[in-house]
Amino acid sequence: MSTSAPATARPAIELEIGGMTCASCADRIERKLNKLDGIQATVNYATEKAKVTVPAGYDPALLVAEVEKTGYTAALSKPQDTKDAGPATADDGGGEDPEVASLRHRLIGSVVLTVPVIAMSMIPALQFTYWQWLSLALAAPVIVWAAWPFHQAAWTNLKHGTATMDTLISMGTSAAMLWSVYALFFGTAGTPGLVHPFEFTIAPSDGAANIYLEVGAGVTMFILAGRYFEKRSKRQAGAALRALLELGAKEVSVLRDGAEVKIPTVELAVGDEFIVRPGEKIATDGVVVSGTSAVDASMLTGESVPVEVTESDAVTGATVNAGGRLVVRATRVGADTQLAQMARLVEDAQTGKAEVQRLADRVSGIFVPIVIVIAVVTLGAWLGAGFPVAAAFTAAVAVLVIACPCALGLATPTALLVGTGRGAQLGILIKGPEVLESTRRVDTVVLDKTGTVTTGKMTLIEVITEPGVDRAELLRYAGALEDASEHPIAQAIAAGATQEVGVLPTPEDFANIEGKGVQGVVEGTGVVIGRESLLADWSQYLSAEVSSAKARAEGQGKTVVAIGWDGSARGILVVADTVKPTSAEAIAGLKDLGLAPVLLTGDNEAVARQIAAEVGIDQIIAEVLPQEKIDVIARLQQDGKMVAMVGDGVNDAPALAQADLGLAMGTGTDVAIEAADITLVRGDLRSAVDAIRLSRKTLGTIKTNLFWAFAYNVAAIPLAALGMLNPMLAGAAMAFSSVFVVGNSLRLRGFTSTTGTTTAPATNTAPAPQPAHT
């Protein structure tokens, strides 16, 4: 979901929010801020940031105060300057985030202390004379210290009159602990030799001989495990921005008084002239002062065809100089560069993206108040019926204890663990539980063309010879000469020639004609290859038939290179980005899932239509600039579509973040992978079909788990209210529900790929050139 910009530009303030434990916390802060006059706020639980649009001259301290009144912490985000590695996030310093470290310590401590408690409570053979007191000593730190974040969050929720999963955990574990302490010190549970036998009889009792320490400690341990892994994953939200800014060059050779001086890129100023050698990254946005080269802009634009640049042409920072030496004058530096602007687009898209609430929180919001009402009604009914106070409190507390479902802590983490583990085996990396709900609702999938539907690599696809010219000879001469060039198109021709004719001869002479092509001597023959104008300089002209084929190929967006020797033009070689062999099958699979595919590309419409027709896509959006891709996604969302985006380039990152579901090809850039929700390791588009199928099945498993996690306990609440809760029966019910949840989750291990698990990753190997058309 995206938020539309206000009609008139107003100042935007970014706040870093602390203390949120679930998506409902973000909703609460957002509602509070939006109640202020003239304020429009969006709070993102994943990034822990609030983006607030305020009237001119508004004091940010008022926003901070309002958030703090709501029970959370807030601070103004640090401004991002050119020396920053990325936006201010808690883990920027390279060390581990304190909150994640704290959760890990609590989890380790709870595992060490809880396992013996559960074992002693559930296995009568381990119940030695004073086992119950050892259980208290081990369980108390878990329920008090390890579960402290839950108690703290429950208190915050209570102050605001709401209930979440934290409320349920705190209430249940506290009730189990307090009642166990009462039974040990004031009841008969502290008697030496106490045994919790496996008795399946149901009879009312005053509960003074029952302890529930394993319930409180076990629930805490399981929930902490799920919370730790979720928090660790969520903390990676800022990695996309750091990855973006890491793409840039770190050092640059600047011309100062005619001499080269190496300086850090952050010290570049507008107007500085710097040198870019072949293979180096261009340090910042600028204009070419001298030199001619081909610039590989694929990491930013996603388009595989290199851009020829010469004097006065604009170049973009972080792109790679693939050809000759360039001298560039810096026109934009730091936060003004296209790379920095793209980083801001990613951040804006992430901040404006509404996260779904956790399923357990939504259920808890209804379940907790009902349980509290049942407990109060139980207490009143027992007292009103004339039963002793101890018996009445036993029944009321039993309701609270049984209402804390142990399996709830396993419901989401186990399904995620098995589902994501199976996904990893199939080359599908799913980032978190929020991703799963998105896959269920998505109805439109936008596919970036280059590197996603196509290989993203220039390939020799056709050779057209003049009458009487031997195809193998043409390929041998062209491949030999082009193999000596670093140009991506030349390398594509050399690779195609090698594949068809084998080992290529070494040219005796070679010269690069800037902006036109190359010439040289191969096996004693003078060969010229490049633009048609280069051959014309040597009075070599293509025949009408070959010229027509050349025009037709160029009209389809393909690149054509002409070759001649011995005073005559001998043919043309057609180079283009080719469709991946599995793309058509993948598109059919996406349609079977009820998704409408859309092809998105910066190429011209003719190229887009040809590719779309080849793979079976009906809708195309062509000639889109890199920075406009996010607008395309937002426009589709405004039309009521739930949009998935599949891409691989840096320019796709903002759109991947903006989409309701982002899928990045693992063969793409790190920043695209970081900005996406799902990563397809194999680079095979068919993995997108498997990813959505697996995600939907995992979500279904989680929902089933959540239902049974509550259902077992809900069924036992009437027994608890009637005072018939046997501790071993309660333990058995919890154990059975946990076993059911784990078993149900393990079924995901049987998920099979539509393409088979042995399908090899798609490669960018060039297909053999097509037969000659003479």
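All of these numbers come straight from a predicted model, not from anything done at the bench.

Q: Provide a residue-level description of the pattern of salt bridges, including the pertinent values.
A: This model, assessed by the stated rule, comprises 17 salt bridges. E273 is paired through a salt bridge with R329; the nearest N and O atoms lie 3.5 Å apart. Here E273 is found in strand β7 (residues 273-276), whereas its partner R329 is found in strand β13 (residues 326-332), with 56 residues between them in sequence. Classification of R329 by relative accessible area gives partly exposed; the value is 35%. Here D690 and R693 are joined by a salt bridge, their closest N and O atoms 3.2 Å apart. Taken together, the positions of D690 and R693, both in helix α25 (residues 686-721) and three residues apart, correspond to about one turn of that helix. Judged by relative accessible area, D690 falls into the buried class, the value being 0%. Taken together, the shared-partner salt bridges in this structure form one network comprising D448, K629 and D652.

Q: Can you break down helix α21 (residues 605-615) residue by residue, with the values?
A: Inspection of α21 places V607, A608, I611, A612 and V615 among the buried residues, and these make up the whole buried set. What you see down the axis of α21 is that its buried residues fit within an arc of 125 degrees, all on one side. Where the residues of α21 are buried, they touch α15 (449-453), β16 (454-465), β21 (568-579), α20 (583-592), β22 (596-600) and β23 (619-621). After α21 finishes, the residue G616 shows a positive phi value of roughly 95 degrees.

Q: Tell me about the sheet that holds β13, residues and numbers included.
A: Taken together, six strands build an open sheet; the order of strands is β6-β5-β7-β13-β8-β11 and the sheet is antiparallel. The open sheet is flanked by β6 (259-264) and β11 (314-315), the only strands paired with a single partner. Across two bridges, the pairing between strand β8 (residues 285-290) and β11 is antiparallel. The residue of β11 that forms the bridge with G286 is V315.

Q: Hey, could you go over α25 for me, with residue numbers and the actual values?
A: With 36 residues, α25 should cover 52 Å at 1.5 Å per step; its first-to-last C-alpha distance of 53 Å lies within 8% of that length. A715 marks where α25 bends most, by close to 25 degrees; the proline P718 follows one to four residues later. Directly beyond the C-terminal end of α25, a positive phi value near 75 degrees is found at G723.

Q: Help me get a handle on the sheet that holds strand β12 (residues 320-321), residues and values and all.
A: The three strands lie next to each other as β10-β9-β12, forming an open sheet whose pairing is antiparallel. Looking at the sheet topology across the chains shown, the edges are occupied by β10 (307-309) and β12. Alignment of strand β9 (residues 293-296) against β12, held across two bridges, turns out to be antiparallel. Each bridged residue has a counterpart across the sheet, and for D296 the counterpart in β12 is V320.

Q: Please provide a residue-by-residue account of the nonpolar core, values included.
A: Here is a general trend for soluble globular proteins: nonpolar side chains tend to be buried in one another's company. Membership of the largest hydrophobic core comes to 50 residues, with the highest contact counts inside it found for I211, L213, F367, V371, V399 and I717. Take this core: its biggest share by element is nine residues, from helix α6 (residues 165-185). Among the nonpolar cores identified, the runner-up in size contains 45 residues, and L595, V607, V646 and L685 belong to it.

Q: Which residues make up the packing of aromatic side chains, and what values go with them?
A: Each aromatic ring pair is characterised by the separation of its centres together with the angle its planes make. Summed over the entire model, instances satisfying the criterion amount to five aromatic pairs. Between W133 and F185 the ring centres are 5.3 Å apart and the planes differ by 80 degrees, which places this aromatic pair in the edge-to-face class. Pair noted here: W133 is in helix α4 (residues 131-146) and F185 is in helix α6, with a separation of 52 residues, a long-range link. Judged by relative accessible area, which is 29%, W133 ranks as partly exposed. Here W382 and F387 contribute two aromatic rings whose centre-to-centre distance is 4.7 Å and whose plane-to-plane angle is 45 degrees, an arrangement assigned as tilted. Of the aromatic side chains, those joined through ring pairs into one cluster are W179, Y182 and F186.

How each quantity is defined
- Residues numbered from 1 in each chain as written.
- Predicted model: local features only at pLDDT ≥ 70, side-chain atom pairs only at ≥ 80, totals over all residues.
- Heavy atoms only, no water.
- Salt bridge = Lys/Arg side-chain N within 4 Å of Asp/Glu carboxyl O.
- Helix = DSSP H or I, 4+ residues; strand = E, 2+ residues; numbered from the N terminus.
- Buried < 20%, exposed > 50% of the residue type's maximum accessible area, 1.4 Å probe, protein only.
- Arc of directions from axis to C-beta.
- Contact = heavy atoms within 4.5 Å.
- Pairing = 2+ DSSP bridges.
- Expected span 1.5 Å × (residues − 1).
- Bend = angle between axes of the 7 residues up to and from the residue.
- Core = buried A, V, L, I, M, F, W, Y, C linked by side-chain atoms within 4.5 Å.
- Phe/Tyr/Trp six-rings, centres within 6.5 Å; stacked < 30°, edge-to-face > 60°.

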